[in-house]
Amino acid sequence: WRLTVHDRPCQDDFEASYGEWHRLGGPDGAALLLDRTAPAAGGASLRLLNQRIGGTAGAWISKTPFRLDAFPALSFLARIPAGVETNLIVIANQRTFEIGLTGADTAWPKIGQADAFRQDGSWQQVDIPLAAWLQPRLSGQPVVVEALALADSRRMSSYQRQAFWI
């Protein structure tokens, strides 16, 4: 997982820890596991497992606030098979938004869509122009992103025992 600041990465590579990632949704959230069996790069990836029917199958990425102008873009590698519905949840200036990844519906205003994402089990690069999509919704004021998460926010229809990787 990487935020890009002035073309320099600030990344969470899951080599030694989960970073700030933790379960969203209590027992219905994603179970997190450092997976060393098939990383996209390096020695590990983060496996997110939906253990139950229903629920968010989600994970908080970060709850550390940051200024949008300091971190205008997100990029990451993801391996999301068919049967997993997840979107990027962005909480900024005390408002919640969604950016579509594989989720079919949203609970909050959708501000963008990761184009051409294939749910074929292969690792894919995902680039999110966070500032370009978020700033117009909060124009005229400084934007502070308070939290980021991945979750199935509405129908909660990801298959039970289905996993995806970051």
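A brief structural summary. Every value quoted in this text rests on a predicted model; they were computed, and no experiment measured them. (Residues numbered from 1 in each chain as written. Predicted model: local features only at pLDDT ≥ 70, side-chain atom pairs only at ≥ 80, totals over all residues. Heavy atoms only, no water.)

Details of unusual backbone geometry
The criterion, for reference: Runs of E in the DSSP output that reach at least two residues are strands. Runs of H or I that reach at least four are helices, and both are numbered from the N terminus. Classification of residues uses two cut-offs on accessible area relative to the type maximum, computed with a 1.4 Å probe and protein chains only: under 20% is buried, over 50% is exposed, and between them is partly exposed.
Even without glycine at this site, Asn-93 takes up a positive phi of about 50°. Even without a glycine there, the phi angle at Gln-94 is positive, about 65°. When you line up the elements, Gln-94 lands in the loop between strand 9 (87-92) and strand 10 (95-100). Judged by relative accessible area, Gln-94 falls into the exposed class, the value being 73%.

Some words on the sheet that holds strand 5 (residues 45-50)
Which entries qualify depends on this criterion: In this scheme, strands are said to pair when DSSP sees at least two bridges between them. Between N-to-C directions, angles span 0 to 180 degrees; the directions come from axes that are lines fitted to C-alpha atoms, helices contributing only their stretch in contact.
Strand order in the open sheet formed by three strands is 4-5-14, with antiparallel pairing between adjacent strands. Taken across any chain shown, the strands that pair with only one partner, and hence form the sheet edges, are strand 4 (31-35) and strand 14 (162-165). In this sheet, adjacent strand axes meet at a mean angle of 30° when their direction is disregarded.

Thoughts on the nonpolar core
Convention followed: Here, nonpolar core refers to any group of buried Ala, Val, Leu, Ile, Met, Phe, Trp, Tyr and Cys residues whose side-chain atoms link them within 4.5 Å.
The biggest cluster of nonpolar side chains holds 37 residues, and the ones touching the most others in it are Trp-21, Leu-48, Val-90, Ile-128, Leu-134, Val-145 and Ile-166. Listed in part, the six residues of the second largest apolar core include Leu-24, Trp-60, Ala-149 and Ala-151.

Points about the pairing of strand 9
With five of six residues buried, strand 9 is to be regarded as a mostly interior element. With six bridges joining them, strand 9 and strand 10 adopt antiparallel strand pairing. Following the sheet pairing, Ile-91 is matched in strand 10 by Thr-96. The antiparallel hairpin formed by strand 9 and strand 10 contains two residues in its connecting segment, where Asn-93 sits at a positive phi of about 50°. With six bridges joining them, strand 9 and strand 13 (residues 144-151) adopt antiparallel strand pairing. Pairing of Ile-91 across the sheet is with Ala-147, part of strand 13.

Some remarks on the environment of Trp-123
Put simply, the rule is: The contact criterion used is simple: two residues touch if any of their non-hydrogen atoms lie within 4.5 Å. Definition of a polar contact: a pair of N or O atoms within 3.5 Å, with one able to donate and the other able to accept a hydrogen when the atoms are protein atoms, and with sequence-neighbouring residues admitted only if both atoms are side-chain atoms.
Within the secondary structure, Trp-123 sits in the loop between strand 11 (110-113) and strand 12 (124-128). Taking the relative accessible area as the measure of exposure, Trp-123 reaches 24% and is therefore partly exposed. Along the chain, Trp-123 and Pro-39 lie 84 residues apart, while their C-alpha atoms are 8.9 Å from each other. Non-local contacts of Trp-123, meaning those with residues more than four positions away in its chain, are made with Ala-38, Pro-39, Ala-40, Ser-45, Leu-77, Ala-78, Arg-79, Trp-165 and Ile-166. Here the side chain of Trp-123 touches Ala-38 through a polar contact of 3.4 Å, landing on its backbone oxygen.

Quick look at the pattern of salt bridges
Our working definition: Throughout this description, the term salt bridge denotes a Lys or Arg side-chain nitrogen within 4 Å of a carboxyl oxygen of Asp or Glu.
If you walk through the whole model with that rule in mind, you get two salt bridges. The salt bridge involving Arg-67 is made with Asp-69; its shortest N-O contact spans 2.8 Å. Taken as a pair, Arg-67 and Asp-69 share a single burial class, namely exposed. Close ionic contact of Asp-120 with Arg-118 constitutes a salt bridge, the shortest N to O distance being 3.3 Å. Residue classification places Arg-118 among the partly exposed residues on the basis of a relative accessible area of 45%.

Section: the packing of aromatic side chains
Remark: the centre distance and the inter-plane angle together describe each pair of aromatic rings, the angle taken between the planes. Under the convention used in this document: Stacked, tilted and edge-to-face are the three classes assigned to paired rings of Phe, Tyr and Trp, where Trp is represented by its six-membered ring and a pair needs centres within 6.5 Å; plane angles under 30 degrees give stacked, over 60 edge-to-face, the rest tilted.
If you walk through the whole model with that rule in mind, you get two aromatic pairs. Aromatic side chains Phe-14 and Trp-21 sit 5.7 Å apart centroid to centroid with 75° between the ring planes, which places their arrangement in the edge-to-face category. Exposure remark for Phe-14: the relative accessible area of 2% places this residue in the buried category. For Trp-21, a relative accessible area of 4% translates into the label buried. A centroid spacing of 5.1 Å and a plane angle of 75° characterise the contact between Phe-66 and Phe-71, whose relative ring orientation is edge-to-face. The same class applies to Phe-66 as to Phe-71, namely buried.

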